[in-house]
Each structure stands twice: as structure tokens, then as C-alpha cells.
Amino acid sequence: MAIETIDTPRQLATVRSAARKVLLNGHPRISVGTATCGLATGAQKVLDALYACRAELQLGQSPIPISISETGCNGACFLEPLVDVVLPGQARITYGNVQPEDAAGLIEAACAGTVYGKRIIGRIDKEEFLVEGTSRNYRRGKLADEVKEVPRYAALPFFRDQVHLAMRNCGIIDPTSLDEYIAKGGYAAAAKALTEMTPDQVVDEVTRSGLRGRGGGGFPTGRKWATCRKAPGEPKFVICNADEGDPGAYMDRSVIEGDPHSVIEGMIIGSYAVGAHIGYIYVRQEYPLAVKRIRLALKQAEEAGLLGENIFCSGHSFTIRINRGAGAFVCGESTALMASLEGRVGEPRAKYIHTVEHGLWNMPSCLNNVETWNNVPVVIARGADWYASIGTQGSKGTKVFSLVGKANRVGLVEVPMGITLRQVVEDIGGGVPEGESLKAVQTGGPSGGCIPAELFDTPVDYESLTALGSMMGSGGMIVMDSRTCMVDVARYFLSFLKEESCGKCVPCREGTSRMLQILTRICEGKGRAGDIDLLHDIAQGMIDGSLCALGGSAPNPVLSTLKYFAEEYRAHIEERRCPAKVCRALITYSINPEVCTGCMLCLRACPVKAITGERKKPHIIDKLACTKCGLCADTCRSNAIEVA
Amino acid sequence: MTETVGAPSPKAKPDATPDNGHRLDEILERYSPEPSSLISVLEDLQEELRYLPREALERIATTLGVPRNQMYHVATFFKAFSLTPQGRHMVCVCRGTACHVKGADKIMNKVESELNVREGGTTEDGQFTVQSVRCLGCCALAPAVMIDRDVFGQVTPKQLRNILDQYPNGNRND
């Protein structure tokens, strides 16, 4: 559908009602989740198979009125590839772990207006228009029995406690379609802000909503905007930080891949509020699909007149440029990001002069994270009071977490602030696999810390997590079970931070190196008596002396594990033992001759040929040659390989 | 990856064709000739040629008006850039936190032994460069591997041979 230009709120309303008619046109709609997570599990093959099946059915017949489209990820990554089918007059049915072989069955069932018997996950009864606060029932007349039998999303443990504000459109709309975004109420908040509100009113609304930066710092967004608005100097800039570098967090990727226009709309509103006419989106080049989706969305918004001169005839002009990050974690730090936008190396500077006053090219610059920008249209459309009714006293709204690691149900979960860690990890994530015990959850990425299972009744909000020595960060939540070594985890984060430290200031550059050296030695069984004290000393030096947050928070993974898992450090140093059986220097692999069936699988799997033996006779591991890679244990079908 | 400035290793000589200069012209035309375009130009060139040849860097510095020291600072600071030629296919083993706790080490070991090359290196035939990357954002499908632009989730060491075999002697841009 050709994009018409949208010059007034009235025209937006016209486009919206037309697009909504298409959305609810009464034809079955099939959508396949083709975000990066979907593609990694074969969603493209499923999509191709669906297209092929439809084409086959159409041969010699009149076209079948079924639409097939791509969509983002609704967060249930453990069920990818996901396929949604809207059965007109009935419901929206979600199928999980779909294979190309299911395509024909899915299409036939959709044509017949019924449920495909396999791979059913759940059903949604209403098409939600979250920014308007309305919804429309799919059901017209009686609900078919087979649809009734499909459990509602609200009955599924993974979705039951979730509230999707940031992810309102992810996995629902086609991210390549501006019309679908508008049909869901998109750009109405921008129209409202630009034509019915003054910039001060917009800033005030955001301030009252209690929205805080979702990138990690948690700085009040409204206050940042107000300072930037008042700061002298022209031109001003707004910047979207999509350099999501925290390992273990991927909500920004998912939001951009699944709902790119929401970020653009937030930036339009922000630019109007602070008085900027140029915006930048700084997105990681490791996310090629996100780059592609946001580029397309920008082009669509420009063609529709939603970006450019005189948006909604309000007199406000705004354009957005895209810059790709070149693979440096430190560029997620605001001053380093701005240096990189200027074409220089991404080295941070001291921030006694704030970037909202002197940022990009020394001009007032308002930088927010993807998820923050994406929340802005909701705040404006639904109002500060409504938004502030969700969450806790100090932390309003919802937060998307990437619940990953050893949990049974992994993916992106969006929950109201104040929910407990236990609810997230156990109720939503389903705990850890049977036979293992839940040990800790790591939050806040490399700047955060590990929270032990005993403290899982802590509410998830900015202050509570910081009080435990961790932080909200960008929202990574990595679940760890009894087979995760906490010293190894600390070593892992320090190796990451040492690599990513830009090297400008000494405390961070030398501190990360020294800490890594000590942790490596502990993991290798060469820990010394004073090492724990030494780690504490170095940590304090880094906290006090580092230039930016990367160095200042780098000791957190070490300090939090020292605080909660001191006995594991002691086992490594004093007993030369790794209780989780992870650290290679402290473990040995052997084969239990009574269990070994002599199948020769491990023998073939061993990359260093350390295993010898004959068929149907117990094999033996040469402990001197063994590199302890663990591939043999993974291959063994009879659990004959023992780690001690 | 920060590498020392030096002559490219002869073993992994890329398809350095005479029209490299022409490609550089095309890339330079996409951006305004000012210092702030530097990173974008280098990114495009890296993608096109799989490394940043010295002659091209000199021309970029002159065209954009960037001092050479600053340009080399940028070209060696960011991991996306390489001053030596890289293989036709980039094998990126994710070492994000979720992948780490789910056994990224085993995946890396297997890739190294399958391709007979160490992390950071390029195979003798110039087909593959093996790198680790900190988070591909596929944490729910850990461990993950990205080859060129294709992401593979829940990879087991056993599957790697099959996955690598999908990348025969083609060009990564095919």
C-alpha cells in the first residue's frame, strides 16, 4: 500500500481508520516471528513453507484471502519459531516451535476457520489498542469449541504476570508496515504532543509520569528533558542509544526489530519537548536486522511526512540519522557514544559538565535508551497519572528483562516494577531444570552483580537492586544453577571489562587487568591467602578513581560474588576445589568402568584423542592429555563420565 | 579486534582487485566529506573488502580531512575494523553471559578444532575468520553462533560441522 503523506492529525485519523479496517478485515492473518531469535531457530524456513503452501493452493483457483506476514518477537523465545493465526470472528491463536512441515496444516486450518491441532500455545481474545486504552474482541457470535479449548494467555505461567507496554506491538504487528503501526494507534501521541501541547507541558507530563532511564542509570527522564530544554545553545540534539552492549540483554534489539516506529515516535515527541531538530540513532552493527528495520521505518516516516519539515503542521521540524556502532562496549556510555558520533574514538570524558548542556559537538544533547523512547508515546497518549499508577513509589511503569541462562522458560519478559525476583525467575521462568537447584540471578550486565536465591523476595526496582550491590542496568537477568561457578562468573565479567575498557583512565585500565589476573589465578587453583583483601582494595580504588561508569561499576561482579558466595572463593583458594565443577584446572574427568558400554562415542568426540578403548569394553581417559573440554560428557549416553 | 599495522599475511590474500579504488569512491560518495563520516566510511569499507587496506586509509584521511593519527586511532580502537585481511566468512562465537554459562567455551573449542585455527585467526585457505563476540542478543537461544549475517541458536558442538559446511567457497556477499 502506497504511503500517503500525513500532514495533520485529521489525516492521521483517516489513515488509522482505513488501516484498522484492513487489520480487522475478516480474513485469516498468519504472522511468523522473524526477529533475530526467530530466524536463529528456522523461522525463515517456516515462512517460506507458508508462502509456498498458499501459492500451491491458489493454483488454478481464485486467490485465497489469507494474509501472511512477518512480525517481531513476543518475548517467548523458548517457543521460537512462533506463528500467530488470527481466526476471524474467533481469536488469535499462537503456535510454538513450528516446523516447515506444519505449514500446510496451518493454512488449511486457517482457511477452514479452525484450530490446527498441533503445537498450540495459547490464544488472545482481543486486539489491544494499548495507547488508546481500548480493545476489540475478535469474537463475533459463538466461540468454536476447539478454540475454547485453547488456553488463554492469561492462564499461561509465562505470560500471566506480564504487562506489555514497551513490547505492546512486538510479535503482534508487521514491523515493516507503517500502516499497521498507525492502525494500533501509532503516531497519535506525537500528533497530540505537537498540536495540543506546549513543549513545557510535554516535559511536565513526562516528569509527572515518573519515567526513568531504561538503559541502566535510571535517571528521571523528565528532569533530563527539562535541563536540556533550558540549556542555552543551538542546535540541540536528541540521541537514541541503541548500542545495547550488555551481554545477556537484548530487549532493545527486540523492540527495534519488532516495533521500530515506536522509537521514532518517542524521539519526535522528545525533540519537540527539548527543542531539537536533529536526532541520531546509534545502533550496534552486531544487530544487522535491527539496522535494516530501523532504516526502513525511517524511510517510511520520512515519506509519510512524519519526519521532516513542519510535522503535523505544528511548525516543528525534525530529522533522524542512523549511525552504526563499530563494536565497542564503552560506546554505550553517553559521552563515548557522542565522541563516536563525531567520528572520534569512543572514549568517555569526565561528566562534571553534563551532556544535556554540552554534549554532541558541545551542544545540548538529550540521550535516552531505546526502551525509554519507546515508552514516551504511551506516557503522552495515556497520561502521566495512568502511567504512574503502574509500578512502585520510586520506579514507575514496567521494565523488560531478558530472562536467560539456566531457567526453563527463557525470553523477554515485561513486568511491572516492584514484582519480586522470585516471581520473575520461578513463576515466569519456571525455575531451573529438574535435578538442579537455583543458585543466583545476575542482573545489570557487567556493571551489576549476582543476587543469591535467598534474597529472591526482593522487589525488582532501581533502589532495591542497587541496595543488594547489583543494579537494574539494561535488564539482563541471567539465571544460574548449582552448576555455575560464581568465581568463574566474576572472572568472565572481568575478562569482558578488561577487553572493553577504553584505556583512557588508569584505575579502570589497570584495575580490570589486575583483578582479572587475580581471578584467573584463583580459578586455576593458584589463589593466594591475601587475594580476597587485594580484590577489595583494587575495587575501592576503581570505584573512587574511574572516569566513567564502566570503571566505577566494574568491581560490582566481584564484590557481589565475594559478598554472597565467599565460601566458593575460599574453596578455590584454600582447598583448591571448584564446588560447581566448572574451573578446568580444579577438576578431572574419568570414566566409570561399570557404567561405560564401550560405544566409542566419547572416543570420537574427544578433540585431543585422550580417550582410548575398544568397542564394548570400558574406555579410559588419559588424564594428562585431557584438556577437560567436557565434550565427552556431553556425548555420553549412559552418564558414565564423572567429573570430580 | 586491534591488530598491529603491518603487511597483510600472504596466505590470506583477499581478492584484492584493481577496482578497490573504485569501490572506495562509491563509499565516499555516500557520506559528506567531513571528519564525522569517518566511522561510517570505515564500516562500509570493512564490509566490502573485509579489511582496511593502507592505501585506502590514506585516501580516506585526505578526503575527510582527518589527521592520520586520529584515523589510525579509530581504525584500531573499534573491534569491527581489521587492518589485515579476514576470511570470506566471519564465524562469530557468542561469548555473552548466557552463552558463557551455557557452554560457549565448548563451542569455541569445537570451532577451533574443526577449522584448525585459533580464535582471532584466519584459516589457511582464507575461507573463515574465527572471532568471539560479546553478545549477539540471542541470549534465550544460547549458545549462539553467527556466520556472516546468519545467526544459529542452541548450537551443540556436534552440529558445528554441518553448520560450517553450509558455507562453501562462496563469497560472503553472495
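All of these numbers come straight from a predicted model, not from anything done at the bench.

Let us now look at the overall build of chain B. A tally of helices and strands in chain B yields seven helices and four strands. Along chain B, helices (α) and strands (β) appear in the sequence α-α-α-α-β-α-α-β-β-β-α when read from the amino end. With 174 residues in all, chain B has 57% of them scored as buried. Here the analysis covers contacts within chain B between residues at least 6 apart in sequence; of these, 65% occur between residues at least 24 apart. Surface summary for chain B: the accessible area is close to 7600 Å², and the carbon and sulfur share equals 47%.

What follows concerns the environment of Val98 of chain A. All names here are of chain A. With respect to the secondary-structure elements, Val98 resides in the loop between β4 (91-95) and α4 (103-112). C-alpha of Val98 to C-alpha of Gly418: the two residues are 320 residues apart in sequence and 35 Å apart in space. Apart from the residues lying within four places of it in its own chain, the contact partners of Val98 are Val46, Pro81, Val83, Leu106 and Arg119.

Moving on, we get to the pattern of salt bridges. Residue and element names in this part refer to chain B. Throughout the structure, instances matching the rule amount to 47 salt bridges over all chains. Residue Glu48 pairs with Arg23 through a salt bridge whose shortest N-O separation is 3.7 Å. Here Glu48, found in helix α2 (residues 38-49), pairs with Arg23, found in helix α1 (residues 20-29); they are 25 residues apart in sequence, far enough to count as distant. Close ionic contact of Arg161 with Glu114 constitutes a salt bridge, the shortest N to O distance being 2.6 Å. With Arg161 in helix α7 (residues 160-165) and Glu114 in helix α6 (residues 104-115), the pair connects residues that are 47 residues apart, well separated along the chain. Look at Arg161 and you get partly exposed, because its relative accessible area is 31%. With relative accessibility at 24%, the residue Glu114 sits in the partly exposed group.

A separate point is the domain arrangement of chain A. Domain annotation for chain A reports domain 1 (9-160), domain 2 (187-388), domain 3 (398-481), domain 4 (486-574) and domain 5 (588-643). On a C-alpha basis, the centres of domain 1 of chain A and domain 4 of chain A stand 48 Å from each other.

A word on unusual backbone geometry. Note that the residue after Glu80 of chain A, namely Pro81 of chain A, is joined by a cis bond; omega there is -10°. The topology assignment puts Pro81 of chain A in the loop between β2 (67-71) and β3 (83-87). With a phi angle near 55°, Asn116 of chain B is a residue other than glycine that sits in the positive phi range. When you line up the elements, Asn116 of chain B lands in the loop between α6 and β2 (128-133).

Turning our eyes to something else, we now look at the interface of chain B and chain A. Between chain B and chain A, the residue contacts involve 45 residues of the former and 58 residues of the latter. Carbon and sulfur atoms make up 59% of the surface buried where chain B meets chain A, a total of about 3900 Å² over both sides. Contact with chain A buries surface across chain B, with Phe77, Thr97 and Arg134 of chain B losing the most and accounting together for 17% of the total. Inspection of the region where chain B meets chain A yields five salt bridges.

Let's shift gears to the pairing of strand β9 (residues 278-284) of chain A. Residues and elements named next belong to chain A. For β9, the buried fraction is high: six of the seven residues fall into the buried class. Pairing geometry for β9 and strand β11 (residues 316-325), over seven bridges, is parallel. Following the sheet pairing, Ile281 is matched in β11 by Ile322.

The next thing to look at is the sheet that holds β11 of chain A. All names here are of chain A. Judged by pairing direction, the sheet is mixed, and its five strands sit side by side in the order β10-β11-β9-β8-β12 without closing on themselves. Strands with a single pairing partner mark the edges of an open sheet, and in this sheet they are β10 (308-311) and β12 (365-369). Sheet twist, expressed as the average angle between the axes of neighbouring strands with direction ignored, equals 25°. Judged from the six bridges that link them, strand β8 (residues 237-242) and β9 form a sheet pairing that is parallel. Bridge pairing in β9 links Ile239 to Tyr280.

Here is what the cut-offs are and how they apply
- Residues numbered from 1 in each chain as written.
- Chains lettered and ligands numbered in written order.
- Predicted model: local features only at pLDDT ≥ 70, side-chain atom pairs only at ≥ 80, totals over all residues.
- Heavy atoms only, no water.
- Helix = DSSP H or I, 4+ residues; strand = E, 2+ residues; numbered from the N terminus.
- Buried < 20%, exposed > 50% of the residue type's maximum accessible area, 1.4 Å probe, protein only.
- Contact = heavy atoms within 4.5 Å.
- Areas by Shrake-Rupley, 256 points an atom, 1.4 Å probe, with all protein chains shown as cover.
- Salt bridge = Lys/Arg side-chain N within 4 Å of Asp/Glu carboxyl O.
- Domains from an automatic or database assignment.
- Buried area = accessible area lost by both parts, 1.4 Å probe.
- Pairing = 2+ DSSP bridges.
- Axes fitted to C-alpha atoms, helices over the stretch in contact; angles between N-to-C directions.

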